[in-house]
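Here are the chains, one letter per residue:
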Amino acid sequence: MKLKRPYYLQPDVVKLAKDLLGKVLVSKTGNFLTSGIITETEAYNGIIDKASHAFGGRRTNRTEVMFAEGGISYVYLCYGIHNLFNIVTNVKDIPHAVLIRAIQPLKGEKHILQRRNAKALNKNLCVGPGKVTNALGINREHNALSLNGNIIWLEDDNIKPKDILIGPRIGVDYAGEDAKLPYRFWVEKI
DNA sequence: CGTACGATCTGCT
DNA sequence: GCAGATCGTACGA
């Protein structure tokens, strides 16, 4: 069951980030279909969140996509090497986003292994935001892409995670007090 | 135009 | 556990 527009327009990005655990992220990049169950997310709470690229209402070529209506991708380059995949949420002009930090491979395992340059599945194969995009073949060409299209989308396969863990976000020490906010959600086992 | 640095990963020790 | 990779983006001059 593909997630549709209203899902992405939800006003509470923190709640939505938590709800995304257990949803399935699907990509049809290249000629392969690959997918994974989302097991770790982080919420970025718009203009009042010092850790967000859109903090203070900052609108640039890069962040502009965050100000669009929810239901599209925001892919950007981090540390000059890694593509990080985010889901833009909420209505137009409210720049909320959820970073997908980890998945558990579901479909296209063979292609995921190939992209990750690995021989076999292991616990940390797709744990880490750069690994997720690598595994699914997502890069900056997939920025600002509608999640209602047929390249990247999300599905609700009725997987209900339990034992959800909550903690501060990773790598946002520069955000002062906001670095401590409990905006990261993950599950050890699905 | 120049500079500083980042929502990270990997491989080596 | 730690350093190195590596470059787009943001911002100030």
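Residues numbered from 1 in each chain as written. Chains lettered and ligands numbered in written order. Predicted model: local features only at pLDDT ≥ 70, side-chain atom pairs only at ≥ 80, totals over all residues. Heavy atoms only, no water.

A.B. asks: Describe the protein's contact with DNA strand C, naming the residues involved and giving the relevant values.
C.D. replies: For DNA strand C, the full set of nearby residues is R58, T60, R62, T63, L77, Y79, G80, I81 and R140. Side-chain polar atom of R58 to a phosphate oxygen of DNA strand C: 3.1 Å apart, as the coordinates give it. Measuring from a phosphate oxygen of DNA strand C, one finds a side-chain N or O atom of T60 at 2.3 Å. Each residue belonging to the surface near DNA strand C can be placed in one class, and the counts come to three nonpolar, three polar and three charged. (Near = heavy atom within 4 Å. Polar contact = N/O pair within 3.5 Å; in protein donor to acceptor, adjacent residues only side chain to side chain. Nonpolar A, V, L, I, M, F, W, Y, C, P; charged D, E, K, R; others polar.)

A.B. asks: Could you give an account of the protein's contact with DNA strand B, naming the residues involved and the relevant values?
C.D. replies: Neighbouring DNA strand B are 21 residues; Y79, H82, N86, G128 and Y174 lie closest to it. At the protein interface, 52% of the atoms of DNA strand B within 4 Å belong to sugar or phosphate. Here P129 contributes a backbone N or O atom positioned 3.1 Å from a phosphate oxygen of DNA strand B. Every element with two or more residues in the surface near DNA strand B is listed here: β4 (82–89), β5 (96–107) and α4 (129–136). The residue inventory of the surface near DNA strand B, partitioned by class, reads 11 nonpolar, seven polar and three charged. (Helix = DSSP H or I, 4+ residues; strand = E, 2+ residues; numbered from the N terminus.)

A.B. asks: Can you lay out the pairing of strand β2 (residues 32–45) for me, pointing to particular residues and giving the numbers?
C.D. replies: Of all the 14 residues making up β2, 12 are buried; the element is thus mostly covered by neighbouring parts of the structure. Relative to β2, strand β1 (residues 24–29) runs antiparallel, the two being bridged by six bridges. Residue S27 lies in a different strand from β2, and its bridge partner there is T34. Between the end of β1 and the start of β2, which pair antiparallel, lie two residues, with G30 showing a positive phi angle near 65 degrees. In the sheet, β2 pairs with β5 via 10 bridges, with the strands oriented antiparallel. The residue of β5 that forms the bridge with T41 is I100. With three bridges joining them, β2 and strand β8 (residues 184–186) adopt antiparallel strand pairing. Counted as the bridge partner of T41 is F185 from β8. (Buried < 20%, exposed > 50% of the residue type's maximum accessible area, 1.4 Å probe, protein only. Pairing = 2+ DSSP bridges.)

A.B. asks: Pulling in residues and values, what's your account of the pattern of salt bridges?
C.D. replies: Scanning all chains against the criterion turns up 10 salt bridges. Residues K92 and D93 are paired through a salt bridge, measuring 4.0 Å at the closest nitrogen-oxygen approach. Judged by relative accessible area, K92 falls into the exposed class, the value being 53%. A salt bridge links E177 to K180, with the shortest nitrogen-to-oxygen separation between them at 3.4 Å. The same class applies to E177 as to K180, namely exposed. Shared partners join several salt bridges into a network, and the residues in it are E40, E42, R101 and R184. (Salt bridge = Lys/Arg side-chain N within 4 Å of Asp/Glu carboxyl O.)

A.B. asks: Go over the side chain of N86 with me, naming the residues and quoting the values.
C.D. replies: Along the chain, N86 falls in strand β4. Here N86 falls in the buried class, since its relative accessible area comes to 5%. With sequence-adjacent residues up to four places away left out, N86 is seen in contact with I72, S73, Y74, Y76, A97, V98 and L99. (Contact = heavy atoms within 4.5 Å.)

A.B. asks: I'd like a description of the environment of D178, backed by residues and values.
C.D. replies: Looking at the element boundaries, D178 is found in the loop between β7 (165–167) and β8. Apart from the residues within four sequence positions on either side, D178 is in contact with I48, D49, K50 and R169. For D178, the side chain forms a polar contact with the main-chain nitrogen of K50, separated by 2.8 Å.

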